[in-house]
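Structural characterization, general
Here is what each chain is made of, one letter per residue.
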Amino acid sequence: MKLVRTVEDLQQELMKAGHEQGPGFVPTMGALHQGHLSLVKQAVAENKVVVVSIFVNPTQFNDPKDLERYPRTLEADLALLEPTGCSIVFAPPVHEIYPEKDTRKFNFGDLEKVMEGRFRPGHFNGVAQVVSRLFELVKPAKAYFGLKDFQQLAIIKNMVKQLQLPVEIVPCAIVREPGGLAMSSRNELLTSEQRENAVAISKTLFKAKELRGQKNVRELAEWVISEVNNNPFLEVEYFEIVDDEQLQPVKSWDDNSIKVGCIAVYCGKIRLIDNIVFN
C-alpha cells in the first residue's frame, strides 16, 4: 500500500500499477470505521487496483465549526487500511485538490432542495466539486459509496450523468454498530452516554418499518419525530419519507415508488443521519 500526498505522485503510482481499466475508488474524509472498510473490501474484491482518498473537503461544510470539529486521524486510518488490500492511499493537502478556488455551480434541481439540501445550503455543491475533481484525478472505473448518505448518493449519480463521466457508482449497504447505530466518523465525537442514547435513532426507524401497515405516511412521520424527540439527548432536525429517485416527499403508501425514511438528528452538537427503506 502506497501513501501519496500530491497529484503528481498519484499519477505516477497509477501508471506503475498499469491496468487496462481504471481503478476501483473509495473517496473518504478519513476517521475511518468498519463502514468505510466494507466499501474498501468490496472494491478490492472487484478491482485489481484500488485507490482510497482521505481528504476533509472544506467546500462541503456550511458551518466552519463543523469543519474544525471533524475528526482527523490519518495514522489510525492507514493502520486500518493496510490489511484490506488497498493499493494506493491519496491524502492530499487542500491546495492539491483546489490549486485555484473552485467556482463551479451545479444544478441538481429538486434533489438538492429537500432534507440535507434544505438544512445545509451549498453542501451538495461542495460534494459535487470534490467528487468530480477526485474522479478527474483518479479516473476510476467504479466508485463506492455508502447508502447511509442516501441523498449524497443520488446527487453523485446525477452529477455523473450531467458530466457524462465513465464511472460506475456502486451503492454499498449501511454498516451498523452492535446496538444498531449507523457507523459514522461523527460517532467518535459522542460521549459514551450520548452514544448509548443515539441508538434510539435506529431503533425508532426499525420500529417504523414494522408500523408501516398501521399508520399512513403523515402519521408515521409524526410518530418517528415524536419518538426520537422523547429522548432528552436527541433533537430531530428532519424526518422525511421520500421516493428513492427524486427524493420528493410521498403522501401515500400506494404508489409504486420505493420509499425511504431519511432522518437527521442532533445529539448534543453532533449531527447524525440515518435512513430505512420501507419496501
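A few points on the structure. Here the structure is a predicted model, which means the values were calculated and not measured.

Cut-offs used in this document
Residues numbered from 1 in each chain as written. Predicted model: local features only at pLDDT ≥ 70, side-chain atom pairs only at ≥ 80, totals over all residues. Heavy atoms only, no water. Helix = DSSP H or I, 4+ residues; strand = E, 2+ residues; numbered from the N terminus. Buried < 20%, exposed > 50% of the residue type's maximum accessible area, 1.4 Å probe, protein only. Contact = heavy atoms within 4.5 Å. Areas by Shrake-Rupley, 256 points an atom, 1.4 Å probe, with all protein chains shown as cover. Lys, Arg positive; Asp, Glu negative; His and termini not counted. Charge placed at Lys NZ, Arg CZ, Asp CG, Glu CD. Expected span 1.5 Å × (residues − 1). Pairing = 2+ DSSP bridges. Axes fitted to C-alpha atoms, helices over the stretch in contact; angles between N-to-C directions. Phe/Tyr/Trp six-rings, centres within 6.5 Å; stacked < 30°, edge-to-face > 60°. Core = buried A, V, L, I, M, F, W, Y, C linked by side-chain atoms within 4.5 Å. Parallel < 35°, antiparallel > 145°, perpendicular 65-115°, else oblique. Left-handed = near helix turned anticlockwise from the far one by under 90°. Nonpolar A, V, L, I, M, F, W, Y, C, P; charged D, E, K, R; others polar.

1. Comments concerning the overall build of the protein
Counting its secondary structure elements, the protein contains 10 helices and 9 strands. With respect to the three principal axes, the spread of C-alpha positions in the protein is 60 × 40 × 35 Å. The buried share among the 279 residues of the protein stands at 53%. Contacts spanning at least 24 positions in sequence make up 72% of the contacts within the protein whose residues lie at least 6 apart. For the protein, the accessible area works out to roughly 13500 Å², and carbon and sulfur atoms hold 50% of it. The average position of the 33 basic charges and that of the 37 acidic charges among the side chains of the protein differ by 1 Å.

2. Considerations on the environment of Glu235
Inspection of the secondary structure puts Glu235 in strand β7 (residues 234-243). A relative accessible area of 55% places Glu235 in the exposed class. Considering only alpha carbons, one finds Glu235 and Gly268, 33 residues apart in sequence, at a separation of 8.3 Å. Sequence-distant contacts of Glu235, defined by excluding residues within four places in its chain, comprise Asn229, Ala264, Val265 and Tyr266.

3. Concerning helix α2 (residues 34-46)
The terminal C-alpha atoms of α2, which comprises 13 residues, lie 18 Å apart, in line with the 18 Å expected from a rise of 1.5 Å per residue. Those residues of α2 lying buried are Gly35, His36, Leu37, Leu39, Val40 and Ala43. Packing partners of the buried residues in α2 comprise β2 (24-28), β3 (50-54), α4 (74-81), β5 (142-146) and β6 (168-172).

4. Notes on the sheet that holds strand β4 (residues 88-90)
In spatial order, the strands read β1-β4-β3-β2-β5-β6; together these 6 strands make up an open sheet with parallel pairing. Edge positions in the open sheet fall to β1 (2-4) and β6, since each of these has one partner strand only. The average angle at which neighbouring strand axes cross in this sheet is 25°, direction not considered. Of the pairings in the sheet, the one linking β5 to β6 comprises 5 bridges and is parallel in character. In the strand pairing of β6, Lys142 is matched with Glu168. Where helix α7 (residues 123-138) meets the sheet, it contacts β2, β3, β4, β5 and β6, and its direction lies at approximately 145° from that of β2.

5. Thoughts on the packing of aromatic side chains
For the coordinates displayed, the defined rule picks out 6 aromatic pairs. Both rings, one in Phe61 and one in Tyr70, keep their centres 5.8 Å apart while their planes meet at 75°; by these two values the pair is edge-to-face. Between the aromatic rings of Trp253 and Phe278, the centroid separation amounts to 5.3 Å while the plane-to-plane angle is 65°, which identifies the pairing as edge-to-face. Separated by 25 residues along the polypeptide, Trp253 in the loop between β7 and β8 (259-267) and Phe278 in the segment after β9 (270-277) bring together distant segments of the chain.

6. Describing the nonpolar core
Ranked by internal contacts, the top residues of the largest apolar core, which has 42 residues, are Leu10, Phe90, Phe135 and Ile169. Here this core gets 9 residues from one element, more than from any other, and that element is α7. Excluding anything up to four places from it in sequence, Phe90 contacts Val4, Arg5, Thr6, Val7, Leu10, Val51, Val52, Ser53, Ile54, Ile97, Leu134 and Leu137. Val199, Leu211, Trp223 and Val224 belong to the second-largest nonpolar core, a separate cluster that totals 28 residues.

7. Thoughts on the packing of helix α9 (residues 192-211) against helix α10 (residues 217-229)
How two helices pack is summed up by the angle between their axes together with the distance between the axes. Between α9 and α10, whose axes approach to 10 Å, the crossing angle comes to 155°. Regarding the angle of α9 to α10, the classification is roughly antiparallel. α9 and α10 meet at a crossing whose hand is right-handed. Where α9 approaches α10, its residues Thr204, Leu205, Lys207, Ala208 and Leu211 are matched on the opposing element by Leu220, Trp223, Val224, Glu227 and Val228. Here the residues of the contact of α9 with α10 sort into 7 nonpolar, 1 polar and 2 charged.

8. Some points on the environment of Val277
By secondary structure assignment, the location of Val277 is in strand β9. Classification of Val277 by relative accessible area gives partly exposed; the value is 33%. Between the alpha carbons of Val277 and His19 there is a distance of 37 Å; along the sequence they are 258 residues apart. Ignoring sequence-local partners within four residues, the contact set of Val277 consists of Lys209, Ile258, Lys259 and Val260.

9. Re the environment of Met1
For Met1, the location among the structural elements is in the segment before β1. Classification of Met1 as partly exposed rests on a relative accessible area of 35%. Those residues in contact with Met1 that sit more than four places away from it in its chain are Leu78, Leu81, Glu82, Cys86, Ser87 and Val89.

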